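Geometric and topological summary
Chain residues, written in single-letter form:
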Amino acid sequence: MTKAVVEKIAQFEGQEVLLQGWLAAKRSSGKIHFLQVRDGTGTIQCVMVKANSDEEEFAAADRCPQESSIEVKGTVRKDARSPIGFEIEATSFKIVAEAEPYPISPKDHGTAFLMEHRHLWLRSRRQHAILRIRATIVRAIRDYFDNNGFLLVDAPILTPAACEGTTTLFELDYFGEKAYLTQSGQLYNEATAAAFGKTYCFGPTFRAEKSKTRRHLMEFWMVEPEMAYADLEENMRVAEDFLVYVVGRVLEERQVELATLERDLAPLEAVKGPFPRVHYKDAVAKLQELGSDIVDGEDFGADDETVLTKLYDRPIIVHHYPTAAKAFYMKPDPDEPKYCFSMDVLAPEGYGEVIGGGQREECKEVLEAAIEAHKLPKEAFEWYLDLRRYGSVPHSGFGLGVERTVAWICGLPHIRETIPFPRMLEKITP
RNA sequence: UCCGGCAUAGCUCAGUCGGUAGAGCAAGCGGCUGUUAACCGCUGGGUCGGGGGUUCGAGUCCCUCUGCCGGAGCCA
């Protein structure tokens, strides 16, 4: 018998099919059962009428617990009353494995409880919508770079030293030596960009920061493109073009899921170029005007970022952050070295930083001085300095945090639902 | 690391002034041939987070510990 999938149920109209899945919910009027069957691709109502059913199977369906795995055979019928337009007129019902009492009932649960049952929570409609959108975002990211001359060259996850030396790293034992989980593929990308021109890496990233907010994970996915012969201006242009493309793909392919999440589409439809470019100095002046106590030379506080983004209807690019507040490899602006060729893309609606990047310092002597000023061990960066010794060029790149992007596009209040199994401060299970 | 908040049935919560523990949902049983968070009736379900204290009496007041949630700093 033909196996049907809910996602493509229209193709099976009028056919007798086998549906393999799980019992998501049921209602009954005694002589007629309405079984909501989830097969992973969607949920469809299977209607089982007593008069047309095997007596034992009809009784089995009646007492079948939620989330039992089941196989239903029946005919696919068009029905206007169905939210998906189709239902299955069941002729046979079989329990594959009866479930124990299921902890996640159809309503009323707090996030703490749901997070403890994350492995089961993933079965819910809302989580399906979010993770499908995440999958589309990831595919759009890859398509963008693959189609625009970038080569995927992944950076290592186990690294010998701090890439930037400032933030906390997860340390581990590497056959008697200390090693760390990567917090950025950036430095390696500079090597691959010098080898291949335009490259990107895409993988998990780890930060052992004691951050306990709705915007932080200990383990998150980041895509980092790097371009040889590109300055800050080019970098901002690519970041903008890239983000417009990703949001556009989600709007094109995930209308159903966005509707499930009740996402207001207007702010997403407004994601069109050009994004406003705001010099750090102007941003500070504007914030001070609005009552912030920010001082020129400091990085933005969380409030500042929110206040600033709410002034615009689309993402904005803040550039020329203070050199002192940024990583050692950022190239200072020769006209005003207090500020550097760095840039962040801040998402609207209070979501804030989704992209951070900039133009890298290409001069060996300046870079050596920066490494020294940041009190970093020079030996560890000899290979990195080689990139300046052998054919150094102006180059730029950026990193986009996948989970923050998913949270923003989905309109979620918290980053924890954007990844199947979030790793959060002091919370690593399930 | 710092600052707030919360902890009562499987889940979400109520519990007045300190006076013998409640609801809805879920579960179990019964009813119902078109339900959409179905509905109607019945039943079972509690170490009120742990420990200590005040009191004739503590879910309620005090101390302490634990767990969780939110935020700050830091960052994507």
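The following refers to the structure shown. By convention here, each chain's residues receive numbers from 1 onward along its written sequence. By the order in which they are written, chains take letters starting at A while ligands take numbers starting at 1. Given that the model is predicted, a residue must reach a pLDDT of at least 70 before its local features are reported, and side-chain atom pairs must reach 80 or more before they are shown or counted; all residues, however, enter totals for whole chains, interfaces and linings. No hydrogens and no water enter the side-chain calculation; it runs on all heavy atoms of the structure.

Turning next to the protein's contact with RNA strand B. In these notes, residues near a molecule or strand are those with any non-hydrogen atom within 4 Å of it. Around RNA strand B lies a shell of 44 residues, among which R27, K107, D108, R214 and R404 are the nearest. If you look at RNA strand B and keep only atoms within 4 Å of the protein, 46% of those are sugar or phosphate atoms. Distance and chemistry together define a polar contact, namely a pair of N or O atoms within 3.5 Å, with one atom able to donate a hydrogen and the other to accept it when in protein, and with adjacent residues in sequence counting only for side-chain atoms on both sides. One of the side-chain nitrogen or oxygen atoms of H216 is found 2.9 Å away from a base oxygen of RNA strand B. Between RNA strand B and the protein, one listed contact pairs a sugar or linking oxygen with a backbone N or O atom of I355 at 3.4 Å. Helical segments are the DSSP runs of H or I of at least four residues, strand segments are the runs of E of at least two, and each set is numbered from the N terminus. For the surface near RNA strand B, the secondary structure elements donating two or more residues are β2 (16–28), β3 (32–38), β4 (43–49), α2 (111–116), β12 (219–228) and β16 (352–359). Among the elements that take part in the surface near RNA strand B, β16 stands out by supplying four residues, more than any other. Residue composition of the surface near RNA strand B, by class: 13 nonpolar, 14 polar and 17 charged. For this classification, the nonpolar set comprises Ala, Val, Leu, Ile, Met, Phe, Trp, Tyr, Cys and Pro, the charged set comprises Asp, Glu, Lys and Arg, and every other residue, Gly included, is treated as polar.

Sheet architecture is open: three strands sit in the order β8-β10-β9, paired in antiparallel fashion. Every interior strand has two partners, whereas the edge strands, β8 (158–159) and β9 (171–174), have only one. Two strands form a pair only when DSSP identifies at least two bridges running between them.

A few words now on the packing of helix α11 (residues 364–373) against helix α12 (residues 382–389). Running from amino to carboxyl end, α11 crosses α12 at an angle of 155°, the nearest separation of the two axes being 9 Å. One finds that α11 runs roughly antiparallel with respect to α12. By crossing handedness, the relation of α11 to α12 is classed as right-handed. Along its contact with α11, which presents K364, L367, E368 and I371, the element α12 presents Y384, L385, R388 and R389. Tallied by class, the residues present in the contact of α11 with α12 amount to four nonpolar, no polar and four charged. Axes, fitted as lines to C-alpha atoms, cover a helix only where it is in contact. Angles between the N-to-C directions of the axes lie from 0 to 180 degrees. Each angle gets one of four labels, with under 35 degrees taken as roughly parallel, over 145 as roughly antiparallel, 65 to 115 as roughly perpendicular, and the rest as oblique. Crossings are classed by handedness, with left-handed meaning an anticlockwise turn of the near helix from the far one by less than a right angle and right-handed meaning a clockwise turn. Between two residues, a contact is recorded if the distance between any of their heavy atoms is within 4.5 Å.

Moving on to unusual backbone geometry. For the peptide bond that leads from G273 to P274, omega is -5°, which places it in the cis range. Summarising the element assignment, P274 is placed in the loop between α8 (266–269) and β13 (277–279). Positive phi is not limited to glycine here, since E67 has a value of about 70°. Locating E67 in the fold gives a position in the loop between α1 (55–63) and β5 (69–78). Residue E67 is classed as buried on the basis of its relative accessible area, which comes to 8%. You will see that Y229, though not glycine, has its phi angle at about 55°, which is positive. Tracing the chain through its elements places Y229 in the loop between β12 and α6 (232–253). We call a residue buried when its accessible area falls under 20% of the maximum for its residue type, exposed when it is over 50%, and partly exposed in between, using a 1.4 Å probe and counting protein chains only.

Okay, the sheet that holds β13 next. The sheet built from eight strands is open, its strands ordered β7-β11-β12-β17-β16-β15-β14-β13 with mixed pairing. Lying at the two open borders of the sheet, with one neighbouring strand each, are β7 (151–152) and β13. With nine bridges joining them, strand β11 (residues 198–206) and β12 adopt antiparallel strand pairing. Bridge pairing in β12 links K198 to M227. This element, helix α9 (residues 280–289), spans β13 and β14 (316–319) of the sheet and lies at about 80° to β13.

Inspection of the secondary structure assignment puts E224 in strand β12. Asp and Glu are treated as the negative residues and Lys and Arg as the positive ones, with His and the ends of the chain left uncounted. Any Lys or Arg side-chain nitrogen located within 4 Å of an Asp or Glu carboxyl oxygen qualifies as a salt bridge. Comment: no salt bridge for buried E224; closest opposite-charge side chain is R360, at 6.3 Å. In contact with E224, not counting residues within four places along its chain, are S184, G185, Q186, N189, T199, Y200, C201, F398 and G399.

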